[in-house]
Amino acid sequence: MTTFEQAPIFQCEFEDDRTGLSKETIKRALADNLFYIQGKYPGTATLNDYYMALAYTVRDRMLQRWFKTTEAYTKKGVKVVSYLSAEFLLGPHLSNNLINLGIYDLVRQTVEETGLDFVQLREIEEEPGLGNGGLGRLAACYMDSLSTLEIPAIGYGIRYEFGIFDQEIRDGWQVEITDKWLHLGNPWEIPRLEETIEVKFGGRTEGYYDEKCRYRVRWIPDKVVKGVPYDTPILGYRVNTANTLRLWKAEAPESFEFKAFNDGNYYGAVNKKVVSENITKVLYPNDDLVQGKELRLEQQYFFVSCSLQDMIRLHLQKGETIETFHQSFAVQLNDTHPSIGVAELMRLLVDEYQLEWDQAWQITQNTFGYTNHTLLPEALEKWPLKLFSNLLPRHLQIIYEINQRFLGQVRAKYPDDSDRLARLSLIDESGEKYVRMAHLASVGSHAINGVAALHTELLKQDVLRDFYEFWPEKFTNKTNGVTPRRWIVVSNPLLANLITRKIGTDWISHLEDLKQLEAFVEDAEFRHEWRQTKQDIKTYLANYIKDNHGIEVNPASLFDVQVKRLHEYKRQHLNVLHIITLYKRLKDNPNLEITPRTFIFGGKAAPGYFIAKLIIKLINSVGDVINNDPDMRDRLKVVFLPDYNVRFGQRVYPAADLSEQISTAGKEASGTGNMKFAMNGALTIGTLDGANIEIREEVGAENFFLFGLTTEQVYDLKSRGYNPWDYYNSNPQLKEVIDLISSGFFSHGDTNLFRPLVDSLLYHDPYLLFADYQSYIDCQDQVNQAYRDQEHWTKMSILNAARMGKFSSDRAIKEYCQEIWNAVPVKIELAEYIQARA
Ligand code: NBY
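Each chain has its residues counted from 1, running along the sequence as written. Thresholds applied to this predicted model are a pLDDT of at least 70 for local features of residues and 80 or more for the giving and counting of side-chain atom pairs; totals over whole chains, interfaces and linings are not thresholded and use all residues. For the side-chain quantities, the full set of heavy atoms in the structure was used; hydrogens and water were omitted.

**Thoughts on the overall build of the protein**
Here's step 1: The numbering of helices and of strands both runs from the N terminus, where a helix is a DSSP run of H or I of at least 4 residues and a strand a run of E of at least 2. Helix and strand counts for the protein stand at 34 helices and 23 strands.
Here's step 2: Considered along the principal axes of its C-alpha atoms, the protein spans approximately 90 × 75 × 60 Å.
Here's step 3: For each residue, the accessible area found with a 1.4 Å probe, counting protein chains only, is set against the maximum for its type, and the residue is called buried under 20%, exposed over 50%, and partly exposed in between. Of all 838 residues assigned to the protein, the portion counted as buried reaches 61%.
Here's step 4: Throughout, a contact is declared for two residues whenever any of their heavy atoms are within 4.5 Å. When contacts within the protein are restricted to residue pairs at least 6 apart in sequence, long-range pairs at least 24 apart make up 77% of them.
Here's step 5: Here the protein displays about 32,200 Å² of accessible surface, and carbon together with sulfur accounts for 50% of that area. For accessible areas, the Shrake-Rupley method is used with a probe of radius 1.4 Å. Any residue's cover is judged against the shown protein chains and nothing else.

**A word on the environment of Thr711**
Here's step 1: Within the secondary structure, Thr711 sits in helix H28 (residues 711-720).
Here's step 2: Placed 124 residues apart in sequence, Thr711 and Lys587 show a C-alpha to C-alpha distance of 36 Å.

**As for the side chain of Arg635**
Here's step 1: Following the sequence through the fold, Arg635 ends up in the loop between helix H24 (610-627) and strand S20 (636-640).
Here's step 2: With no salt bridge to any partner, buried Arg635 finds its closest opposite charge in Asp631, at an N-O distance of 6.4 Å.
Here's step 3: Within 3.5 Å is the distance limit for a polar contact, defined as a pair of N or O atoms, with the added protein rule that one can donate a hydrogen and the other accept it, and that residues adjacent in sequence qualify only through two side-chain atoms. Within the local environment of Arg635, its side chain forms a polar contact with the backbone oxygen of Leu592, the two atoms lying 3.0 Å apart. The positive count covers Lys and Arg only, the negative count covers Asp and Glu only, and His and the chain ends enter neither. Here, a salt bridge means any Lys or Arg side-chain nitrogen found within 4 Å of an Asp or Glu carboxyl oxygen.

**Side note on the nonpolar core**
Here's step 1: The criterion is simple. A nonpolar core is a set of buried Ala, Val, Leu, Ile, Met, Phe, Trp, Tyr and Cys residues joined through side-chain atoms within 4.5 Å. Grouped together as the largest cluster of nonpolar side chains are 114 residues, with contacts concentrated most on Phe302, Phe388, Ile402, Phe406 and Trp821.
Here's step 2: With nine residues, the single largest contributor to this core is helix H10 (residues 294-317).
Here's step 3: Beyond its immediate chain neighbours, meaning those up to four positions away, Ile402 contacts Val342, Met346, Trp357, Trp361, Leu426, Leu440 and Val443.
Here's step 4: The next biggest cluster of nonpolar side chains, apart from the first, holds 85 residues, and it includes Leu498, Ile503, Phe526 and Ile537.

**Section: the packing of aromatic side chains**
Any aromatic ring pair is given by two values, namely how distant the centres are and how the planes are angled relative to each other.
Here's step 1: A pair of aromatic rings is counted whenever rings of Phe, Tyr or Trp (Trp by its six-membered ring) have centres within 6.5 Å, and the orientation is called stacked for planes under 30 degrees apart, edge-to-face for over 60 and tilted otherwise. Inspection of every chain in the model, using the stated rule, returns 31 aromatic pairs.
Here's step 2: Three or more aromatic residues joined by ring pairs make a cluster, and in this case those are Tyr83, Tyr142, Tyr816 and Trp821.
Here's step 3: Placement of a positive charge over a ring is assigned whenever Lys NZ or Arg CZ falls within 6 Å of the ring centre and within 35 degrees of the normal to the ring plane. Geometry around Phe201 places Lys223 over its ring, the cationic atom sitting 5.3 Å from the centre.
Here's step 4: The aromatic ring of Trp471 is capped on one face by Lys474, whose charged end is 3.4 Å from the ring centroid.

**What about the sheet that holds strand S13 (residues 382-384)?**
Here's step 1: Pairing between two strands requires that DSSP report at least two bridges joining them. Spatially, the three strands line up as an open sheet ordered S13-S15-S14, and their pairing is antiparallel. This sheet does not close on itself; its edge strands, each paired only once, are S13 and strand S14 (427-428).
Here's step 2: Bridge analysis of S14 against strand S15 (residues 434-436) gives two bridges, and the strand direction is antiparallel. From the neighbouring strand, Asp428 faces S15, where its bridge partner is Tyr434.
Here's step 3: Inter-axis angles, ranging from 0 to 180 degrees, are taken between N-to-C directions of lines fitted to C-alpha atoms, where helices are fitted over the stretch in contact. Across the sheet, helix H17 (residues 437-444) lies against S13 and S15, angled at about 40° from S15, the strand it touches most.

**Quick look at the confidence of the model for the protein**
Here's step 1: Per-residue confidence from the prediction method is given by pLDDT, with values spanning 0 to 100. Across the protein, the average pLDDT comes to 96, with 98% of residues at or above 70.
Here's step 2: The ipTM assigned to the predicted complex is 0.99, against a pTM of 0.97.

**Some words on the state of the cysteines**
Working definition: the covalent bond between the sulfur atoms of two cysteines is a disulfide.
Here's step 1: We call a pair of cysteine sulfur atoms a disulfide whenever their separation is within 2.5 Å. Using the criterion set out here, one finds zero disulfides in the structure.
Here's step 2: The thiol of Cys141 is unpaired, and the distance to the nearest cysteine sulfur, on Cys817, comes to 16 Å.

**Digging into the sheet that holds strand S23 (residues 705-706)**
In any sheet, the strands associate via hydrogen bonds between backbone groups, in a parallel or an antiparallel arrangement.
Here's step 1: The six strands are arranged S20-S19-S18-S21-S22-S23 in an open sheet whose pairing can be described as parallel. At either margin of the open sheet sits one strand with a lone partner, and together these are S20 and S23.
Here's step 2: As paired strands, strand S19 (residues 597-602) and S20 are joined by five bridges and run parallel to one another. Each residue of the ladder has a partner; that of Phe601, found in S20, is Phe640.

**A word on a nonpolar patch on the surface**
Here's step 1: Without a salt bridge and with relative accessible area above 30%, a residue can belong to a patch; like charges are then joined within 9 Å and nonpolar side chains (Val, Leu, Ile, Met, Phe, Trp, Tyr) within 5 Å. A contiguous nonpolar surface patch, about 480 Å² in accessible area, is contributed by Phe35, Tyr36, Ile37 and Tyr41.
Here's step 2: Summarising the element assignment, Tyr36 is placed in helix H2 (residues 23-37).

**Description of the pattern of salt bridges**
A side chain of one charge can pair with a side chain of the opposite charge when the charged atoms of the two come close.
Here's step 1: All chains considered together, the criterion is met by 64 salt bridges.
Here's step 2: Of the charged contacts, one joins Glu352 and Arg347 as a salt bridge, the two residues approaching to 2.9 Å between their closest N and O atoms.
Here's step 3: With a closest N to O distance of 3.9 Å, Lys584 and Asp588 form a salt bridge. Pair noted here: Lys584 and Asp588 are both in helix H23 (residues 572-588), with a separation of four residues, about one helical turn.
Here's step 4: With relative accessibility at 53%, the residue Asp588 sits in the exposed group.
Here's step 5: One salt-bridge network, held together by shared partners, links Arg192, Glu195, Asp231, Arg246, Asp310 and Arg313.

**Thoughts on the environment of Asp810**
Here's step 1: Among the structural elements, Asp810 can be located in helix H34 (residues 809-821).
Here's step 2: Spatially, the C-alpha atoms of Asp810 and Ala701 are 25 Å apart, while their sequence positions differ by 109 residues.
Here's step 3: When sequence neighbours within four positions are dropped, the list of residues in contact with Asp810 reads Ser145, Leu149, Arg485, Ile508 and Ser509.
Here's step 4: Polar side-chain contacts of Asp810 include one of 2.7 Å to the side chain of Arg485.

Following this line, the structure appears as structure tokens:
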């Protein structure tokens, strides 16, 4: 070797122990990593040490791809998608990376030849739970598709030290446990300490005149925090692309500490450090409620400022000038959580890079796109003006300026319409004053999208109606999708193999190809295999439930599954009303022939959401009664599986027969679990809400169990004055069920326990459970009938999976690329020997 650059690894010309894919090389690499990275030998190594050695062995095989990818993006003319999200709910890395590299079976066999238990190693990985639910998981699916489609992309977010809490169930109640996902180290990330960025907070602003006598503003903060990037490679499926997920950790800047030390204020210095580092400590566990907490705004501004400064640095490093920033980056705002980015980019361009306002504004609008994920009023972010101006005084000035200019445009189009001005303003002045983040995002973006067709329509008609009237051209729909890599190939290998035996492997990156399965619907042999596969997976799950939770479930029963965050609008309690209805029927008529069912629930409630927690308690209480009643035997079972997360999702979607998607019409923006179930051959019972509508269109109405009011009927009923008592009084079955809960039957005679829930239904029922009850019960009776004809059920199941092509995140990402980001694929070249295995 003559120079350092000529070192074989940088030349990347031949296989070594860190890239090689022979069994011998992999075994050597495992031993090497155990010894040299973990500092252990077999005599002292724990299971986790072996897992770490395995993870490093896999990561090593990703690094050439990662560097080649990063290098390719530094070229002029490459446009990079920047996905800004406060949450990325990735799930376990190991299996996914092995699948995407094409070496799952090879590594599994190799590991087992060394005498280690591969499954045991796979299962001890701590999953990064850096998200609440659908929104965070969507960001993870989109990162997978961006890489698979070879689109230059970077995901920016927060490296929470504690992700979503772990859930335990004690005495039927949810108990929250801190999620210490980092406690044994994270082998998938690499800190880039040298790329640390400073972020300012608080203080004041002052005006001054620059050398050209132009009035300028400078911000004099009272706090500076460092952002340290931690990078994780995101591999595409069987391509050379490995994009980066860059998550920011907050640290105190040393300079501040030293000053305080010198002042003799030791405690003050330490305290400052602690306070700074608090910013990225913990994920807020609310999935649809804004609380207006200062720390939350600090988190948002912190990661957004780090990310935008980072992008500008990368842009300038290419040799470009600041004026062309929007040609280097298309920045997508995953909901309003990063929407402060609009004001921050303006501040950077105007204050730091001295651009004129109009030019800066053009760049900003060209840069951002905004995705809305909710119609619920309580989930629309707004910040009290006072809190905002204390933390971000300069940004508030910028927002005022944006607002003034924007309202000027509105006034020109609609003179004398002061109501409209008040409705559109970035500042809510109807009572206490607030900054409206959805308005900031809408004004500062060139594209605004909802996440399912109905959702986008409702945005246009309702939540963002005035913006739609003003800028109709900005609005587009981008129906969500999920990645078939994680949600079929990784999670359901049995089904994936069956499909591949019939139609080859192309479907994995071209999900529309599943259509070819339709040709086999009339093939009795294929149906038999399909049914048997589902049966085998259900048996796995049944064994898992028995081993881990001690509950015996009948694998031949219909697996009826509702897994998702606990929320009144998602109506887990409507599902419970059905269960109690069946229970009553069986008690009244013990010889009744029914379709045996196992009801499986999973999901976390926001810790401060009392009614949601009470619904968990109700599910468990009803389960206790039913599961211990000998009359129910193998006919009804109710299980609430604690700590629903990505890993558990991977277990349960493949095993479901029936997918519960029963939100009140008009409330669920899209849903994505609905897609994962149907791809795995579950049938859906659902309302005309979110993406259910499009799923039904695709799979055919005859293969979907529809019930309930439409969005229009919901609006109608509410405007006529909805009275839950009318339903209670006129439906004896419903009355019986509600009375049974009230009577204390499920609460050891305690008539108070469930009263808040029952009263909320009787006196308000904001999500119209009573109005939809009978329709739901009737529909469930149809499900029972249908399940008895297994041949026909299997046909419907096959057709559901075969027709889910639209719901691949690849389709969604292609639409974003073409219609919002103007981004195109970039092929990554790699030496022959190292390329993806088929
Ligand atoms: O986003 C979900 C929607 O409810 C679901 O219908 C949709 O399919 C999915 C992806 O588009 N929204 C969601 O998961 N929201 C959150 O997790 C969330 C998290 C934090 C906050 C608000 C919402 N917050 O204000 O902090």
